[in-house]
Amino acid sequence: MNQSKMKQLFMLSALAAFLITGCSDDKDEPTPVNPTPTEQSVTGEVSGTWTKGNTYKVTGHIQIPEGKSLTIEEGVTVLFSDSVIKPEVVVKGNLYSLGTAAAPVKFTVPDAWKTANNQFGNLWGGLIAGPNAAEFVLSNTILEYGGAVTTEESPSVKAGLYKAAAGEHVPVIYYPNVNGKLIVMNSIIRNFNEDGFYIEGGKVIIANNTFNTTGVSGGDAINIKSGVQADVAFNIVYSPNTNALKLSNSGDRTPQAYIVGYNNTIINAGWRRPTTKGGSIWLEKGVRADLYNNLLANDRFGIKKENVDKSVDDRSAISNTLYYGATEEGVKQFQPSVEILKGANDLISAKVGDNDPKFVNYPLTTDNKNASFNTAWDFHLQAGSPALGKGKTTFTRLYAEGIVVNGVTYKSPAPADYIGALGTK
């Protein structure tokens, strides 16, 4: 056989092999969606889509311009890597952070920075929205190690956002649009220097989240002002410096602040604050608040109001709260008084150890001032918990029919017949 024919046979054999391989069953050899995630450096104005599984290295302040949107897909890591600038994210347009339970979006810093010295973050800024930021969604998103202090050069200061002054630690989220929509669901907020959320407007759902290790010398996990109408439900808040929920009608914005807060579990709130204020849920300035089925364990105070007239709207309702205290001081400070509000059908411990909620895995004798969160803890309820079957379900939440954001309907979860954020497994 001459050389030319041999070459032709070789090429035919190779083609046959290729065709056989190409027809193989895809199920036998699945191709990863993104087998080699890429790392891209970003700074300045951003919009469009950050694609699933990739890492976006933030090397300076970034901003979503007014009228534009940034969608962040599942599994994206937003890595704040400049320890000098400590970048802020200014949202003048729309932000959609759309993780999944299996592949959350993560706003974070390099692993080497996650030391005991940086327990309360301060390594990047926060997500600071402008007054015309129409839609803001965080779903299955982890935010950690932020809350840096502002300077005269901070974009939030230059834009007149949040407190618009140097020397202020920015919150995880600042949202001011009374005509906007803010959704935070199934997310984790941890290791921040000051407030978690500081909200001054909008239709809001905050549900099924976990907050821990927030606030050094002050700060609330969720701080809501006038202009906000919110459902806040099924959140676990561990050791906020001051309150899990600070609810106020301050600011003279319309509409009046109205919050339906239900089925939240709040542990060790308020003890790390150096001065006395609140220590679970704080109500002030004529806020309207309906509070049901909240489990307060080892908090510094019970549901507390300003000791002035009209600090709480008369239409407010409080009921079915379970109080547990592991210390005499704790039990004493959640007993009803002029400032501590008693609700209907509350379960109020009279002495240390009463109404043990029977968490699946959490030592109730943990130091009240402990801020370190153990991910092995489990705040589900064991059989025999006094919280089981004691929840109220016959009340109206604001967004049972949902809020439509970017074509998706987000509904506040239905109330449970138990007290707290988690029932039995």
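Computed from a prediction, not measured in an experiment: that's the story for all the values here. (Residues numbered from 1 in each chain as written. Predicted model: local features only at pLDDT ≥ 70, side-chain atom pairs only at ≥ 80, totals over all residues. Heavy atoms only, no water.)

Draft legend 1. Spotlight on the overall build of the protein chain. The helix and strand inventory of the protein chain stands at 3 helices and 34 strands. Counting only C-alpha atoms and orienting by the principal axes, one finds that the protein chain spans roughly 105 × 55 × 45 Å. For the protein chain, with 425 residues in total, the buried portion stands at 55%. Counting only contacts in the protein chain whose residues sit at least 6 apart along the sequence, the fraction spanning at least 24 positions is 70%. A total of about 18000 Å² of accessible surface is found on the protein chain, and carbon and sulfur atoms cover 50% of it. Counting 38 positive and 40 negative side-chain charges, the protein chain places the averaged centre of each group 1 Å from the other. (Helix = DSSP H or I, 4+ residues; strand = E, 2+ residues; numbered from the N terminus. Buried < 20%, exposed > 50% of the residue type's maximum accessible area, 1.4 Å probe, protein only. Contact = heavy atoms within 4.5 Å. Areas by Shrake-Rupley, 256 points an atom, 1.4 Å probe, with all protein chains shown as cover. Lys, Arg positive; Asp, Glu negative; His and termini not counted. Charge placed at Lys NZ, Arg CZ, Asp CG, Glu CD.)

Draft legend 2. Region of interest: the confidence of the model for the protein chain. Overall, the prediction assigns the protein chain a mean pLDDT of 92, with 92% of residues at 70 or greater. The low-confidence segment residues 1-33 (pLDDT under 50) makes 3 contacts with residues lying over four places distant or belonging to another chain. (pLDDT = per-residue confidence, 0-100.)

Draft legend 3. A look at the pairing of strand E4 (residues 69-72). Every second residue of E4 is oriented toward a common face, the buried set being Leu 70 and Ile 72 and the non-buried set Ser 69 and Thr 71. Bridge count for strand E2 (residues 48-50) against E4 is 3 bridges, and the pairing is parallel. Bridging from a neighbouring strand, Trp 50 pairs with Ile 72 of E4. The pairing of E4 with strand E7 (residues 94-98) spans 4 bridges and is parallel. Pairing of Ser 69 across the sheet is with Asn 94, part of E7. (Pairing = 2+ DSSP bridges.)

Draft legend 4. Examining unusual backbone geometry more closely. Omega for the peptide link from Thr 254 to Pro 255 comes to 5°, which places this bond in the cis form. Mapped onto the elements, Pro 255 comes out in the loop between strand E21 (245-248) and strand E22 (258-262). Positive phi values are uncommon outside glycine, yet Asn 406 reaches one of about 50°. Summarising the element assignment, Asn 406 is placed in the loop between strand E33 (403-405) and strand E34 (408-410).

Draft legend 5. Summary view of the nonpolar core. Grouped together as the largest cluster of nonpolar side chains are 66 residues, with contacts concentrated most on Leu 127, Phe 136, Phe 197, Leu 247 and Leu 283. Setting aside anything within four residues of it in sequence, one finds Phe 136 in contact with Val 91, Leu 95, Leu 127, Ala 129, Ile 173, Tyr 175, Lys 181, Leu 182 and Ile 183. Membership of the second largest hydrophobic core comes to 17 residues, among which are Ala 297, Tyr 324, Tyr 362 and Phe 379. (Core = buried A, V, L, I, M, F, W, Y, C linked by side-chain atoms within 4.5 Å.)

Draft legend 6. Quick peek at the side chain of Asn 294. Within the secondary structure, Asn 294 sits in the loop between strand E25 (288-292) and strand E26 (295-297). The class of Asn 294 is buried, set by a relative accessible area of 1%. Looking at Asn 294, its side chain comes within polar contact range of the main-chain oxygen of Gly 261, at 3.2 Å. Contacts of Asn 294, omitting those with residues within four sequence positions, involve Gly 261, Tyr 262, Asn 263, Asn 264, Ile 281, Asn 320, Thr 321, Leu 322 and Ile 419. (Polar contact = N/O pair within 3.5 Å; in protein donor to acceptor, adjacent residues only side chain to side chain.)

Draft legend 7. Structural context of the packing of aromatic side chains. For the structure shown, the criterion picks out 23 aromatic pairs. Judged by centre distance (6.4 Å) and plane angle (25°), the ring pair of Phe 80 and Phe 107 falls under stacked. Taken together, the residues span a long stretch of sequence, with Phe 80 in strand E5 (residues 77-80) and Phe 107 in strand E8 (residues 105-108) at a distance of 27 residues. By the burial criterion, Phe 80 is buried, and Phe 107 matches it. Ring centres 5.1 Å apart and planes at 85° place the aromatic pair Phe 359 and Phe 379 in the edge-to-face group. Residue Phe 359 is found in strand E31 (residues 359-361), and its partner Phe 379 is found in strand E32 (residues 378-381); the two are separated by 20 residues along the sequence. Of note, Arg 288 hangs over the ring of Tyr 258, and the distance from its end group to the ring centre comes to 4.0 Å. (Phe/Tyr/Trp six-rings, centres within 6.5 Å; stacked < 30°, edge-to-face > 60°. Lys NZ or Arg CZ within 6 Å of the ring centre and 35° of its normal.)

Draft legend 8. Representation of the pairing of E21 within the structure. Residues Leu 245 and Leu 247 point to one face of E21 and Lys 246 and Ser 248 to the other, with burial holding for every one of them. Bridging between strand E18 (residues 222-224) and E21 involves 3 bridges; their strand directions are parallel. From the neighbouring strand, Asn 223 faces E21, where its bridge partner is Lys 246.

Draft legend 9. Focus on the sheet that holds E25. Here 10 strands make up an open sheet; going across it, the order is E2-E4-E7-E10-E13-E16-E19-E22-E25-E28 and the pairing parallel. Each edge of the open sheet carries a strand with a single partner, namely E2 and strand E28 (317-319). Going across the sheet, the axis of each strand differs from the next one's by a mean of 10°, ignoring polarity. (Axes fitted to C-alpha atoms, helices over the stretch in contact; angles between N-to-C directions.)

Draft legend 10. Expanded view of the pattern of salt bridges. In total, this model carries 12 salt bridges according to the counting rule given. Between Lys 114 and Asp 111 there is a salt bridge; the shortest N-O distance is 3.2 Å. Classification of Lys 114 as partly exposed rests on a relative accessible area of 25%. One salt-bridge network, held together by shared partners, links Lys 106, Asp 111, Lys 114, Glu 144 and Arg 190. (Salt bridge = Lys/Arg side-chain N within 4 Å of Asp/Glu carboxyl O.)

Draft legend 11. Spatial organisation of the environment of Tyr 56. Along the chain, Tyr 56 turns up in strand E3 (residues 55-64). Among the residues examined, Tyr 56 registers a relative accessible area of 3% and is labelled buried. Separated by 51 residues in the primary sequence, Tyr 56 and Phe 107 place their C-alpha atoms 9.7 Å from one another. Non-local contacts of Tyr 56, meaning those with residues more than four positions away in its chain, are made with Gln 40, Val 42, Thr 49, Trp 50, Thr 51, Val 76, Thr 77, Val 78 and Leu 79.

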